[in-house]
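# Examining the three-dimensional arrangement
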Amino acid sequence: MPTDVTGVSIFNQKSTEFEFRPGPVFAQTLLTDEINRATPRTQSALLEAMAERRVSVDGKTYTLKPPFLVIATQNPIDQEGTFPLPEAQLDRFLVRLSLGYPTMDEEARMLKGMQHGHPIDDLQPVAKAEDILAAQAAIRDVHMDDKVRTYILQIVHGSREHEDVLLGGSPRASIALFRTAQAVAAIGGRDFVLPDDVKRMAHPVLAHRLILKPESRLRKRTSALVVKDIVEDVAGGRC
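Notes on the structure follow. (Residues numbered from 1 in each chain as written. Predicted model: local features only at pLDDT ≥ 70, side-chain atom pairs only at ≥ 80, totals over all residues. Heavy atoms only, no water.)

### Comments concerning the nonpolar core
By size, the foremost hydrophobic cluster in this structure holds 29 residues, and its most contacted members are M144, I152, I155, L177, V193, V198 and V227. Those elements giving two or more residues to this core turn out to be α7 (146-161), α8 (171-187), α9 (195-206) and α11 (223-235). Take this core: its biggest share by element is 7 residues, from α8. Apart from residues lying up to four places away in sequence, M144 is in contact with R149, I152, F178, A181, Q182 and V193. If you look at the next biggest cluster of nonpolar residues, it comprises 15 residues, including V25, A49, V55 and L64. (Core = buried A, V, L, I, M, F, W, Y, C linked by side-chain atoms within 4.5 Å. Buried < 20%, exposed > 50% of the residue type's maximum accessible area, 1.4 Å probe, protein only. Helix = DSSP H or I, 4+ residues; strand = E, 2+ residues; numbered from the N terminus. Contact = heavy atoms within 4.5 Å.)

Following this line, the structure appears as structure tokens:
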């Protein structure tokens with residue numbers, strides 16, 4: 001139920017008042033495993049939290065403590081007993097990544113690390129909440145030239161005009177591409193954004209936001225191929 005995510009008000013017989021018991025969404029980092037196994041109604045409980053960083057329950061609004069981050073996993077193979085994520089919810093995820101299988105060396109290190117226990121048992125924090133907030137503020141100061149900003153807009157608007165796309169990227173997609181390009185530049189040790197930073201993040205930011213036409217899906221067209229076409233078209237001056 002949605003209240004299993006947001007929380008529920010329980011009547012206290014001693015105080016004769018309702019007391020709100022917060023749900024897991026009040027964690028600063030929320031991991032939702034196999035999110036597509038939750039019903040659409042339950043998934044909708046995350047919409048307000050992901051977009052506005054607050055939760056409304058029983059007529060009261062609670063502000064979530066920053067930083068607030070939602071991470072979700074989704075099994076792309078097993079579809080039995082699953083529900084598709086609403087477009088509005090997909091649009092609220094900053095990026096979508098496909099991990100795939102580990103390499104043989106990576107899997108060997110995994111087996112070695114689990115020989116005497118699970119590594120998560122000894123997991124230690126690597127940053128404080130205030131460190132994350134400071135990093136988020138610092139990224140906003142990364143310079144972006146007007147030409148690079150126009151490049152972002154050309155890519156997003158190109159997704160709305162592509163012949164295979166029924167619904168293209170929203171303004172939230174433009175903002176996401178803007179912010180992630182700034183983050184990539186900062187991680188690279190630069191205080192300015194390059195077009196390659198935008199190009200690198202185009203697929204993770206846009207692919208899950210595009211809704212393709214049914215006839216395009218029948219022709220085996222995918223969002224990944226469409227994003228690749230759009231980036232190439234913009235680079236070639238066709239958009």
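### Observations concerning the layout of surface pockets
The space that makes up the second largest pocket amounts to roughly 170 Å³. Of all elements in the fold, only α1 (3-6), α3 (47-52) and β4 (54-57) reach the threshold of two or more residues within the lining of the second largest pocket. By residue number, the principal contributor to the lining of the second largest pocket is β4, which donates 4 residues. Looking at side-chain class alone, the lining of the second largest pocket contains 5 nonpolar, 4 polar and 3 charged residues. (1 Å grid on protein atoms, 1.4 Å probe; cavity = no way out; pocket = protein on both sides within 12 Å on 5 of 7 lines; lining within 4 Å. Points joined across faces, edges and corners; volume = space filled by probe spheres on them. Nonpolar A, V, L, I, M, F, W, Y, C, P; charged D, E, K, R; others polar.)

### A word on the environment of L94
Position of L94 among the secondary structure elements: in the loop between α4 (87-90) and α5 (104-113). Spatially, the C-alpha atom of L94 lies 10.0 Å from that of M50, the residues being 44 residues apart in sequence. Those residues in contact with L94 that sit more than four places away from it in its chain are A176, T180, P204, V205, H208 and R209.

### Some words on the pattern of salt bridges
Tallied over the entire structure, the rule returns 11 salt bridges. The residue R221 makes a salt bridge to D229 at a minimum N-O spacing of 2.4 Å. The class for D229 is partly exposed, based on a relative accessible area of 23%. Overlapping salt bridges, with partners in common, bring together D164, R219, R221 and D229 in one network. (Salt bridge = Lys/Arg side-chain N within 4 Å of Asp/Glu carboxyl O.)

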